[in-house]
Amino acid sequence: MNHAGDTSLLLTSEEVPPVGEYNAAGRSPFFLTCDHYGRLIPRALGDLGLPESERVRHIAWDIGIAGVATMLSQQLDAHLIVQRYSRLVIDCNRPPHAASSIPRISEATTIPGNQGISSEAAEARRTEIFDPYHRRIDEIIDQRRTAGLPTVLVSLHSFTPVYAGVARPWHIGTLYQRDTTLPPLLLKHLRSEGDLVVGDNEPYAVSDETDYTIPVHAEARGLMNTGIEIRQDLISDPAGEKSWADRLARIFGEIEAELRQRGLLSA
Ligand SMILES: [Zn+2]
């Protein structure tokens, strides 16, 4: 079926756009990203061959992080950008050439709709979901620089409490690779809370092979940055989401004051 003038292979004009933004006029130095915010699947891909029970699991998205991210954005007066389609369609925090970009298997689940897809189909996922999201992040950082607003990139994620049968003890983890300023500061603040098991590059570490947002947008531009992973059972309802947004807003407020005092926040 051919629609004259519709060049899209994947997302028709009636579908939800991949990129969402909150509080775009926010003045905070913290710029929040949420790569795994949503679990939508373009209609053209059906259900990717998966039952509902798989499409709501952590393999499809970062459970709970949407609520935390939007509340944190409000409380910090910070610009937040989100990507609404499932990481099973294309993972916006993987280099597009990585095998896990369009996963054939996630945890122990085979993704039928991702088996043997053509290079054209893979390219459509990239050009219609991955590229617009990352292009917009680029633009936002450029605009902030032009406006004289400093940018500290905070990449928000959540992790499953049990992965491949192994329980994870951390409540929250700080994730980083090249930034030596913000991650230690965040670790110090999280540890001084007193009631948290804090992961230092746990349950994951950032790398050029397994990540995209931090290496490409923050590290390559020399921006201060950190990733944050919150355990999903702690943010599985609105009360949990709010308590973590409140806690992180307070901590990032303190960190901002400290960075300003040290003269580290400039555009
Ligand atoms: Zn994530």
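It should be noted that the structure appears before, not after, this text.
The paragraphs below set out a description of the structure included in this document.

Time to look at the coordination of the zinc ion. Summarising the metal site, the zinc ion is bound by the protein donors His 36 (ND1), Asp 62 (OD) and His 157 (ND1), whose distances to it range over 2.0 to 2.1 Å. Within one chain, the residues donating to the zinc ion are spaced in sequence as H-x25-D-x94-H. Here His 157 lies in strand β6 (residues 152-159) and His 36 lies in the loop between β2 (30-34) and α1 (52-55), a separation of 121 residues in the sequence.

This part is about the packing of aromatic side chains. For any pair of aromatic rings, geometry is given as the distance between the ring centres together with the angle between the planes. Scanning all chains against the criterion turns up three aromatic pairs. Judged by centre distance (4.9 Å) and plane angle (65°), the rings of Phe 30 and Phe 252 are edge-to-face. You can see Phe 30 sitting in strand β2 and its partner Phe 252 sitting in helix α6 (residues 238-261), a full 222 residues away along the chain. For Phe 30, a relative accessible area of 0% gives the class buried. If you follow Arg 39 out to its NZ or CZ, it ends over the ring of Trp 61, 5.4 Å from the centre. The aromatic ring of Trp 244 is capped on one face by Arg 247, whose charged end is 5.1 Å from the ring centroid.

Turning next to the layout of surface pockets. One number sums up the size of the largest pocket: a volume of about 540 Å³. What lines the largest pocket is a set of 32 residues, and nearest its centre among them are His 36, Arg 87, Asp 91, Arg 94 and Tyr 204. At the level of secondary structure, the elements contributing two or more residues to the lining of the largest pocket comprise β4 (105-106), β6 and β11 (225-231). In terms of residue count, β6 provides more of the lining of the largest pocket than any other element does, four residues in total. Tallied by class, residues from the lining of the largest pocket come to 12 nonpolar, 12 polar and eight charged. Taken as a whole, the second largest pocket holds about 190 Å³ of empty space. Ranked by residues supplied to the lining of the second largest pocket, first place goes to helix α3 (residues 119-146) with three residues. Of the residues contributing to the lining of the second largest pocket, the split by class is nine nonpolar, three polar and two charged.

About the criteria used
- Residues numbered from 1 in each chain as written.
- Predicted model: local features only at pLDDT ≥ 70, side-chain atom pairs only at ≥ 80, totals over all residues.
- Heavy atoms only, no water.
- Donors = N, O, S within 2.8 Å, 3.2 Å for Na, K, Ca; no water.
- Helix = DSSP H or I, 4+ residues; strand = E, 2+ residues; numbered from the N terminus.
- Phe/Tyr/Trp six-rings, centres within 6.5 Å; stacked < 30°, edge-to-face > 60°.
- Buried < 20%, exposed > 50% of the residue type's maximum accessible area, 1.4 Å probe, protein only.
- Lys NZ or Arg CZ within 6 Å of the ring centre and 35° of its normal.
- 1 Å grid on protein atoms, 1.4 Å probe; cavity = no way out; pocket = protein on both sides within 12 Å on 5 of 7 lines; lining within 4 Å.
- Points joined across faces, edges and corners; volume = space filled by probe spheres on them.
- Nonpolar A, V, L, I, M, F, W, Y, C, P; charged D, E, K, R; others polar.

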